[in-house]
Amino acid sequence: MKPSVLVCRAVFPDIVDRLREYFEVETNEADVVWSPAELIQHLQGKAGVFITGTQPIDTALLEACPQLKAVCSMAVGYNNVDLPACTAHGVLVSNAPDVLTETTADFGFALMMAAARRIAESEHFLRSGAWTKWSVDAFAGSDVHGATLGVLGMGRIGRGVARRGALGFGMKVIYHNRSHLDAATEAALGARYVSKEALLREADHLVIVVPYSAAAHHLIGAAELALMKPTATLTNIARGGIVDDAALAQALRDKRIAAAGLDVFEGEPAVHPDLLTVPNVVLTPHIASSSLPTRRAMANLAADNLIAALGLGPNKGKPPTALNPEVLA
Ligand code: 8YV
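These lines cover the structure that appears in this document, whether it is placed above or below.

Conventions and cut-offs
- Residues numbered from 1 in each chain as written.
- Predicted model: local features only at pLDDT ≥ 70, side-chain atom pairs only at ≥ 80, totals over all residues.
- Heavy atoms only, no water.
- Salt bridge = Lys/Arg side-chain N within 4 Å of Asp/Glu carboxyl O.
- Helix = DSSP H or I, 4+ residues; strand = E, 2+ residues; numbered from the N terminus.
- Buried < 20%, exposed > 50% of the residue type's maximum accessible area, 1.4 Å probe, protein only.
- Pairing = 2+ DSSP bridges.
- Axes fitted to C-alpha atoms, helices over the stretch in contact; angles between N-to-C directions.
- Contact = heavy atoms within 4.5 Å.

### Examining the pattern of salt bridges
Then, in step 1: Applying the stated criterion to the full structure yields 15 salt bridges.
Then, in step 2: Of the charged contacts in the structure, one is a salt bridge between Arg-163 and Glu-102, with a shortest N-O distance of 2.7 Å. Note that Arg-163 is positioned in helix α7 (residues 156-169) and Glu-102 in helix α5 (residues 101-116), a separation of 61 residues in sequence.
Then, in step 3: In this structure Arg-163 comes out as partly exposed when scored by relative accessible area, which is 31%.
Then, in step 4: A relative accessible area of 37% means that Glu-102 is categorised as partly exposed.
Then, in step 5: The partner of Asp-106 in a salt bridge is Arg-164, with the nearest N and O atoms 2.8 Å apart. With a gap of 58 residues between them, Asp-106 in helix α5 and Arg-164 in helix α7 connect regions that are remote in the sequence.
Then, in step 6: Overlapping salt bridges, with partners in common, bring together Glu-102, Asp-106, Arg-163 and Arg-164 in one network.

As structure tokens, this is what we get:
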């Protein structure tokens with residue numbers, strides 16, 4: 001008999017069909033966002049689960065689902081999964097790195113440019129019928145080319161953003177990260193490591209790409225925003241909670257900084273009401289990785305991991321992007 005797995009959200013049907021070659025698959029065609037209790041209920045009897053970046057996988061769930069052996073996510077960020085608890089319960093966890101790097105960096109750059117050049121704000125103005133004449137300083141924003149790009153978090157996506165800025169737009173790149181880039185990468189990007197404080201003070205355009213952890217909670221709050229240039233922009237494509245959204249809304253309202261671009265929010269899909277009323281922020285619904293080829297690649301990678309983690313398919317026992325491969329050793 002085939003093992004049973006659960007696919008938590010509505011996923012491309014052909015990729016679910018691929019899973020059906022190996023498993024009895026329960027799907028969520030209606031794409032309901034299950035509560036933790038509902039998720040536990042659907043997981044009964046399942047050996048594996050295909051998740052996205054939002055379903056919490058914690059000790060309570062692992063204890064309630066002792067037959068669960070693999071948790072495979074189509075997201076690169078895995079702050080929704082208690083990895084040490086999974087390892088302790090012998091549950092293999094995988095994420096989906098690499099396949100979304102360039103698409104997400106494209107989007108971070110687009111959001112930064114939209115904030116700097118006031119694209120969303122001016123579009124709302126036009127759509128509202130308020131455009132009656134051309135004027136010299138209409139929606140005058142700040143330049144991107146030649147400006148200083150500050151990257152907070154120099155992982156794969158951060159490097160992708162830096163590369164676009166340095167090579168495509170002649171930007172001066174500064175960054176802050178847990179570790180330094182190797183000298184060759186720094187030289188190729190013309191990137192300079194600076195303290196977090198110097199990053200905030202010097203960047204014309206700050207892009208946040210750090211993974212979420214308890215230590216990263218409100219890494220950018222009122223005190224950090226106060227260090228930024230009044231002409232600067234802030235873009236967050238990492239995770240909600242890294243920026244204090246209430247403090248950011250206040251800084252935008254007070255013109256402490258010029259503009260922001262946000263794809264992620266504290267408590268999303270709820271958005272802080274103050275952000276909805278300030279004009280100088282571009283808001284998108286967590287879509288940085290959402291090009292069709294990339295979302296398909298992410299889902300395919302999660303499926304590959306699930307098949308391999310449960311000892312099947314061409315990679316059996318060797319899920320390509322396992323986070324705790326020691327569980328299978
Ligand atoms: C995803 C993301 O869209 O991969 C991540 O960590 O934040 C996004 O690319 C989302 O989490 C998919 O589940």
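### Notes on the sheet that holds strand β5 (residues 92-94)
Then, in step 1: Across the sheet, which stays open at both edges, the five strands sit in the order β2-β1-β3-β4-β5 with parallel pairing between neighbours. Strand pairing shows two members of the sheet lacking a second neighbour, β2 (24-26) and β5, which therefore form its edges. Between one strand and the next, the sheet's axes are offset by a mean angle of 15 degrees, whatever the strand orientation.
Then, in step 2: Judged from the four bridges that link them, strand β3 (residues 48-51) and strand β4 (residues 70-73) form a sheet pairing that is parallel. From the neighbouring strand, Val-49 faces β4, where its bridge partner is Val-71.

### Here we look at the sheet that holds strand β6 (residues 148-152)
Then, in step 1: Strand order in this open sheet of seven strands is β8-β7-β6-β9-β10-β11-β12, and the pairing throughout is parallel. Either end of the sheet is taken by a strand with one partner, and the two such strands are β8 (191-193) and β12 (281-283). Across the sheet, the mean angle from the axis of one strand to that of its neighbour is 15 degrees, orientation sign disregarded.
Then, in step 2: One ladder, built from three bridges, connects strand β7 (residues 172-176) with β8; its direction is parallel. Bridged to Ile-174 within β8 is Arg-192.
Then, in step 3: Against the sheet, α7 makes contact with β6, β7 and β9 (205-208), and its axis sits at roughly 175 degrees relative to β6, the strand it touches most.

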